[in-house]
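# Coordinate analysis (summary)
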Amino acid sequence: NHPARRGDEPHTPSGICSTLILPLKRHGGIGEELIGLLRVDNKRDRDGQASPQIGFSQEDEWILQLFANAAVVAIEDTRMVARLQEQSDYLDRLIASLPNGVIAVDSEGRITKYNHQAEQVLQYRADEVVGQLVASFYESPSEPRRIGAQLHASPDCRGESYGTMIRSKNGDLIPIRLA
């Protein structure tokens, strides 16, 4: 019963003649959740003029619903990126606070995290090693594969704690214990 929808004269000095409001709903495992509204004002004629006699059609609503659905996806993607960034920040703070040296690698063997304690032991700065293949730091380049095989063979993907050698920036071999 909105005056603009009935085609009455504008009811406020705002100049809004027609309005279409669509819900932005996130579909989750437990139903739908309203996360916002898409509001479109003043459908215009070919001359660009708004009028109370020009309403939104079913086709307009259908097209705008597609846009609303795309907006929901974009909002959810932004939220997911923010959550991932929060998790990454938390992990960075946790690794930085550990008393032991930490060198984290991805599935391709590239260093992704390297804390201050690892810098102290190996004498490399993080910006020198992040993105590098970890194999180049071991005495034997095949050592990371052996470590990976041991991790994958263990039931809890943790592997046994064992010792190996890693090379510092000045070339010294340093005994380390992996856990």
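Refer to the structure printed above.
A brief structural summary.

Procedures and definitions
Once a new chain begins, its residue numbering starts again from 1 and follows that chain's sequence as written. Reporting in this predicted model follows two pLDDT cut-offs: at least 70 for local features of residues, and 80 or more for side-chain atom pairs to be given and counted; totals over whole chains, interfaces and linings ignore these cut-offs and use all residues. As a convention, hydrogens and water are excluded, and side-chain values are obtained from all of the structure's heavy atoms. Note on conventions: DSSP H or I runs of at least 4 residues are helices, E runs of at least 2 residues are strands, and numbering of each starts at the N terminus. A simple rule labels every residue: compare its accessible area, found with a 1.4 Å probe on the protein chains alone, to the largest value its type can have, and call it buried under 20%, exposed over 50%, or partly exposed in between. For this analysis, residues touch if any pair of their heavy atoms sits within 4.5 Å. Salt bridges are defined by distance alone: a side-chain nitrogen of Lys or Arg within 4 Å of a carboxyl oxygen of Asp or Glu. Two aromatic rings from Phe, Tyr or Trp, using only the six-membered ring of Trp, form a pair when their centres are within 6.5 Å; if the ring planes differ by under 30 degrees the pair is stacked, by over 60 it is edge-to-face, and anything between is tilted. Nonpolar cores are built from buried Ala, Val, Leu, Ile, Met, Phe, Trp, Tyr and Cys residues. Side-chain atoms within 4.5 Å join them into one set. To count toward a patch, a residue needs a relative accessible area over 30% and no salt bridge; like charges are then connected within 9 Å, while nonpolar side chains (Val, Leu, Ile, Met, Phe, Trp, Tyr) are connected within 5 Å. Using the Shrake-Rupley algorithm and a 1.4 Å probe, accessible areas are obtained, with residue cover drawn only from the displayed protein chains. The span one expects for a helix is its residue count, reduced by one, times 1.5 Å.

A tally of regular secondary structure across the protein gives five helices and six strands. Secondary structure elements of the protein occur, N-terminal to C-terminal, as α-β-β-α-β-β-α-α-α-β-β. Counting the 179 residues in the protein, one finds 23% classified as buried. Pairs at least 24 apart in sequence give 34% of the contacts found in the protein among residues at least 6 apart.

If you walk through the whole model with that rule in mind, you get ten salt bridges. Of the charged contacts in the structure, one is a salt bridge between Lys43 and Asp60, with a shortest N-O distance of 2.4 Å. One end of the pair, Lys43, is in the loop between β2 (31-41) and α2 (58-97); the other, Asp60, is in helix α2, and 17 residues separate them in sequence. Among the residues examined, Asp60 registers a relative accessible area of 16% and is labelled buried. Note that Glu128 is salt-bridged to Arg125, the shortest N-O span being 3.9 Å. Taking the relative accessible area as the measure of exposure, Glu128 reaches 26% and is therefore partly exposed. Here Arg125 falls in the partly exposed class, since its relative accessible area comes to 48%. Linked through salt bridges whose partners overlap, the residues forming this network are Arg125, Asp127, Glu128 and Lys169.

Moving on, we come to the packing of aromatic side chains. The tally for this structure, following the rule as stated, stands at one aromatic pair. Judged by centre distance (5.1 Å) and plane angle (85°), the rings of Tyr124 and Phe137 are edge-to-face. Of this pair, Tyr124 sits in the loop between α3 (116-122) and α4 (126-129) while Phe137 sits in the loop between α4 and α5 (143-153); the two residues are 13 residues apart in sequence, bridging distant segments of the chain. Of the residues examined, Tyr124 reaches a relative accessible area of 18% and is grouped as buried.

Located in the positive-phi region is Asn42, a residue other than glycine, with phi close to 60°. In this fold, Asn42 is placed in the loop between β2 and α2. Overall, Asn42 belongs to the buried group, its relative accessible area being 14%. Even without a glycine there, the phi angle at Gln123 is positive, about 70°. Looking at the element boundaries, Gln123 is found in the loop between α3 and α4. Relative accessible area serves as the criterion here: at 41%, Gln123 is assigned to the partly exposed category.

This next bit is on the nonpolar core. Across soluble globular proteins, you tend to see nonpolar side chains buried next to one another. Ile111, Tyr114, Leu122, Tyr124, Val129, Phe137 and Ile166 are the most contacted members of the largest nonpolar core, which totals 13 residues. Look past the residues within four positions of Ile111 in its chain and what remains in contact with it is Ile103, Ala104, Val105, Val129, Val130, Gly131, Gln132, Val134 and Phe137. Counting residues in hydrophobic clusters, the runner-up holds eight residues, among them Leu20, Leu24, Ile35 and Val72.

Next up on the list: a nonpolar patch on the surface. Together, Tyr90, Leu91, Leu94 and Leu98 give the surface a local cluster of nonpolar side chains, amounting to about 350 Å² of exposed area. A residue is classified by how much of its surface remains accessible, and Leu91, at 38% relative accessible area, is partly exposed.

Here the focus is α2. Helix length check: α2 (40 residues) gives 58 Å between terminal C-alpha atoms against 58 Å at 1.5 Å per residue, within 8%. Residues of α2 that are buried include every one of Asp60, Leu64, Ala68, Val72, Glu76 and Ile95, and no others. On its buried face, α2 sits against β1 (19-28), β2 and β4 (111-114).

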